[in-house]
Amino acid sequence: ALLMSNYVSWVYDNSLWDISGPIDGRRYNFTLGYTTRLDNVRGFNRMAMADVRHYFRLGKYSAFANRLFAYVSDGVEPQRIYFGGSWSFRGFERREWYTRHVLFASNELRFPLIDNLQIGFPIGGLGFSSIRGAIFGDVGTAWEDKFDQWYGSFGAGFRVAIGYLILLRFDFSRTTDFKTISPNTNFDFFFGWNF
């Protein structure tokens, strides 16, 4: 098929960042998309997405971060997205879901652990700065045609900045289906800033 896609977005960002990610302000992204099949001039798929993030500063380097994310797509060939893993739903496998409906909320308390850590070696030293901690809880769901169920995860982690360009994220979490809690602790490692 010969397709034409059109998207319109409204984006707002007044967030204030620490070395590990935003700690104050708001970030919004609302997007609508429509794809038309040109050979018979009819709708091919539609999509809507909302990503709302609020950061409530509690101290110089502390914050309570909230994120709400919703995604839906339908039509002849809906646009599916991958969902799960360290960048979205912690505790679950990366790309756990490949789906066209997502509802997700995340809450995270961010706080400083160590400002500067120097480790000495006979040939020199290695320094880490701005080691930050996090306690989080995530809840969400993803489905194709019929709503399935809610899932959740909770845990803690820390972020280690190496210079001003690289941030290492370490998260330890457990998952739940709100009936039972997984007996195993999952570990996520990722390069990149907090949401």
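Details of the structure are given in the entry above.
Residues numbered from 1 in each chain as written. Predicted model: local features only at pLDDT ≥ 70, side-chain atom pairs only at ≥ 80, totals over all residues. Heavy atoms only, no water.

## As for unusual backbone geometry
Reasoning step 1: In this structure, Val41 is a non-glycine residue whose phi angle is positive, near 45°.
Reasoning step 2: Examined against the element boundaries, Val41 turns out to sit in the loop between β3 (21-37) and β4 (42-57).
Reasoning step 3: Looking at Val41, the relative accessible area reads 66%, which means it is exposed.
Reasoning step 4: The residue Arg95 is not glycine, and still its phi comes out positive at about 60°. (Helix = DSSP H or I, 4+ residues; strand = E, 2+ residues; numbered from the N terminus. Buried < 20%, exposed > 50% of the residue type's maximum accessible area, 1.4 Å probe, protein only.)

## Points about the packing of aromatic side chains
Reasoning step 1: The full count for this structure, using the stated rule, is 24 aromatic pairs.
Reasoning step 2: Judged by centre distance (6.4 Å) and plane angle (70°), the rings of Trp17 and Trp193 are edge-to-face. Separated by 176 residues along the polypeptide, Trp17 in strand β2 (residues 16-18) and Trp193 in the segment after β12 (186-191) bring together distant segments of the chain.
Reasoning step 3: Judged by its relative accessible area of 38%, Trp17 falls in the partly exposed class.
Reasoning step 4: Ring geometry for Phe83 and Trp97: centres 5.9 Å apart, planes at 35°, overall tilted. With Phe83 in strand β6 (residues 81-83) and Trp97 in strand β7 (residues 97-99), this residue pair connects regions lying 14 residues apart in the sequence.
Reasoning step 5: Accessibility expressed as a relative area gives 4% for Phe83, which makes it buried. (Phe/Tyr/Trp six-rings, centres within 6.5 Å; stacked < 30°, edge-to-face > 60°.)

## Comments concerning the pattern of salt bridges
Reasoning step 1: Applying the stated criterion to the full structure yields 15 salt bridges.
Reasoning step 2: For Arg159, the salt bridge goes to Asp171, with nearest N and O atoms at 2.8 Å. Taken together, the residues Arg159 in strand β10 (residues 151-162) and Asp171 in strand β11 (residues 166-176) connect sequence positions 12 residues apart.
Reasoning step 3: A relative accessible area of 1% means that Arg159 is categorised as buried.
Reasoning step 4: According to the relative accessible area criterion, Asp171 is buried, its value standing at 0%.
Reasoning step 5: We note a salt bridge from Asp171 to Arg169, for which the minimum N-O separation is 3.7 Å. Both residues of the pair, Asp171 and Arg169, count as buried.
Reasoning step 6: Members of the salt-bridge network, linked through shared partners, are Arg90, Glu108, Arg110, Asp138, Arg159, Arg169 and Asp171. (Salt bridge = Lys/Arg side-chain N within 4 Å of Asp/Glu carboxyl O.)

## Considering the nonpolar core
Reasoning step 1: Within the largest apolar cluster, 13 residues are counted, with the highest numbers of intra-cluster contacts made by Phe69, Tyr71, Phe83, Phe89, Trp97, Val102 and Phe104.
Reasoning step 2: Put simply, the parts of the chain that give this core at least two residues each are β4, β5 (63-75), β6 and β8 (101-121).
Reasoning step 3: Not counting chain neighbours up to four residues away, the residues in contact with Phe104 comprise Arg67, Leu68, Phe69, Phe83, Ser88, Phe89, Asp138, Val139 and Gly140.
Reasoning step 4: Grouped together as the second largest cluster of nonpolar side chains are five residues, Phe128, Ile131, Leu168 and Phe170 included. (Core = buried A, V, L, I, M, F, W, Y, C linked by side-chain atoms within 4.5 Å. Contact = heavy atoms within 4.5 Å.)

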